[in-house]
Structures are given as structure tokens and as C-alpha cells.
Amino acid sequence: MKLAVLDDYQRVALKYADWRSLKGVEVAVFDRPLQDPAQQLAPFDIVCLMRERTAFPKSLIDRLPNLKFISLTGARSPSLDTAACKARGIPVSHTRSAGGGISTVELTWGLIIAGARGLGKGERNMRAGRWHEGIGAGFSLAGKRLGVVGLGNIGARVAAIGKAFGMECVAWSQNLTAEKAAAAGVLFVSKDQLFETADVITIHLVLGERTRGLVRKEDLARLKPGAVLVNTSRGPIIVEPDLLEILKAGKIHAALDVYEREPLPADHPLRSLDNVTLSPHLGYVHDGNYRIFYGDTVENVAAWMSGKPLRVINL
């Protein structure tokens, strides 16, 4: 059996699980994005996916004649065609997690503070031997308005921390009601009101047909000068050309963990803008998650090899 572990960008997969326990299995780890997935994965019987890092549409699955089993970290991946796997008789098992939502909340607040206080530019200054040069005054969070786009599990936790900072918290989403917002201790406002009045806007939505491109030019134009826009959900929720336009105009600061294309290309214009704080999609990345992700992956493979697959999502 040949097994491929994909997208181990941090080169940690082998240390987080006992892959040697899989007798008769040859493990290959790919630590960079695949250039030609169909060609590179053609020899493999088993593929272990890290969330949505590598898309697995039907067009790719149909070109992998040896593929017999997939293990997916996390509970879902919109970029994996589980129906196409089912049609081929390929079971897909998922893993548990250590609560990636909590770590995303934590990272969100790191990015909010970095954006409000200019920490990204300050860090670059210090490494270059400078001090305050080019850093704006920034703003304290107390008394400011936090606009939460999406008040689900993660959004509600972010709002609760905002209140602890002394912020006024407002929220909007397509499904949110005033009653649900009030239950979370948050004021429900319209989308236009949120973008017009918030000092910090943070996005917490699942990417889907209704949310792709949800934040666009007309929304960004409503932002206050100096506002901080944070996205730790999915890049395509914001129309990227529209975001680049307002950032190049210098009107706002963005703090981003997610992007239209990942990994973010080395020559992407976001990398050259001073009013952007960037992190490489770290929302769910932490030691506890990786231990469960890779430990469960090995368990999934062993169970499938024994004829009793676990946690199958495409029965």
C-alpha cells in the first residue's frame, strides 16, 4: 500500500502520529502544494488530506485509478467531492479536532490588536533597527464599536471577548435575528450600519454560495477611515480586487489569515502593502489539533485496512 500525506507545510505530520504502526504501508509526505496532482498521486492507494488545502474534485478523483481510501482532517471539506468518492466506492473518513474554533477566536483577537496598534509594522521596524518611524498612533479598543459578521459559535465568542475589552458589539448576517443577537448580548444592525459605524469588523462565516463575494466594493466603501477589517474565515468571502483597491488607497487596515488562493503567492500585492497584517492561515493550526488530526488519521487508515472503517462521512 502506498499512502500520501498532503500539504504538510510545517513538516510535522510524521512526529504527531505513529505511522510505522501501519504495517505494509509506504508513507510519502508532500510538504508543498502539488504541481500536477493527478500525476503525482497516481501511484497512491491512500490519500490523507489536510482540510481544504488541496482541492479534490471529481475531475481529479476520476484520474486516480489506484485510490481506495481518503482520510480527511476535520469534519468537512467543501473542496472534496465525497459523492464522487462514493460513486467510486472510496470511503472517506474524517478526524476529530481539539476545538479549532477556540484557536480561531484567539487568533482573531491577536489580529485585531495587531491591526489597531500597528504591531506588524512595529515588528518590522524593530528588526530593521528603526523605532516609531511610519507607525500611526493606532487606537485603544475600549469604547470602540466591534462589528461581527456572523454570530455563530466563533463569532459569539469573539463578541464576548470584545465586551470584556469594553467594546460596543454589533452583529449582522443573512440569517441573524435581533432576538438571537440579544441572546448573545449583541445589538443586531443592518449590514450597511455595521460597515458604516464599526471601528473593527471581523468576519466569521462559512464559505458557501450565499457568502462567496458577500463583502464587496460598496461595503468596503462604507468603512470609516482607519477602520480595521479582520478575516479569519475564508478568503473568497471578500472580493479580493475590491479589498486591494481600498487598501491601496490607504483608507483602512486589514488583518488577514485567509486568502483567495492559498498558499498566498510570493508576488501577491497583499505582501507589499504596509497597511495589512498577514498570517499564513493559522486559525486551526495548533499542537492539540495536530495531535488529534494525525493520530486519528493513522487510526482511520488502520481501521480501513482491517475492514472496519471509522468515522465515514460518505456512507
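As a reminder, the structure under discussion sits directly above these lines.
Every value quoted in this text rests on a predicted model; they were computed, and no experiment measured them.

> Could you give an account of the nonpolar core, with specific residues and numbers?
Ranked by size, the top nonpolar core spans 30 residues in total, and within it Ile201 and Leu270 carry the most contacts. When residues of this core are traced back to their parent elements, those giving at least two are strand 7 (168-172), helix 8 (191-197), strand 9 (200-203), helix 10 (240-248) and strand 11 (253-256). Among the nonpolar cores identified, the runner-up in size contains 22 residues, and Val148, Val228, Val230 and Ala255 belong to it.

> Run through the pairing of strand 11, naming residues and quoting values.
In the case of a regular strand, side chains alternate between the two sheet surfaces. The two faces of strand 11 match: His253 and Ala255 on one face and Ala254 and Leu256 on the other face are all buried. Bridge count for strand 10 (residues 228-231) against strand 11 is 4 bridges, and the pairing is parallel. Within strand 11, the residue paired with Val230 across the bridge is Ala255. Assessed by its sense of winding, the connection that carries the chain from strand 10 through helix 10 to strand 11 is right-handed. Where strand 11 and strand 12 (residues 276-278) come together, 3 bridges link them in parallel fashion. Across the sheet, residue Ala254 finds its bridge partner in strand 12, namely Val276.

> Got a sec to walk through the sheet that holds strand 1 (residues 2-5)? Specific residues and values, please.
Strand pairing within a sheet occurs via backbone hydrogen bonds; the two strands may be parallel or antiparallel. Spatial strand order, 2-1-3-4-5: 5 strands in an open sheet with parallel pairing. Two strands close off the open sheet at either side, each with one partner strand: strand 2 (26-29) and strand 5 (92-94). This sheet shows a mean twist of 20° between the axes of neighbouring strands, independent of strand direction. By the bridge criterion, 4 bridges tie strand 1 to strand 2 in an arrangement that is parallel. Bridge assignment links Leu3 to a residue of strand 2, and that residue is Val27. Most of the contacts of helix 11 (residues 287-305) go to strand 4 (residues 69-72), to which it runs at about 155°, and overall it touches strand 1, strand 3 (46-49), strand 4 and strand 5.

Thresholds, definitions, all that
Residues numbered from 1 in each chain as written. Predicted model: local features only at pLDDT ≥ 70, side-chain atom pairs only at ≥ 80, totals over all residues. Heavy atoms only, no water. Core = buried A, V, L, I, M, F, W, Y, C linked by side-chain atoms within 4.5 Å. Buried < 20%, exposed > 50% of the residue type's maximum accessible area, 1.4 Å probe, protein only. Helix = DSSP H or I, 4+ residues; strand = E, 2+ residues; numbered from the N terminus. Pairing = 2+ DSSP bridges. Right-handed = clockwise from strand over helix to strand, strands pointing away. Axes fitted to C-alpha atoms, helices over the stretch in contact; angles between N-to-C directions. Contact = heavy atoms within 4.5 Å.

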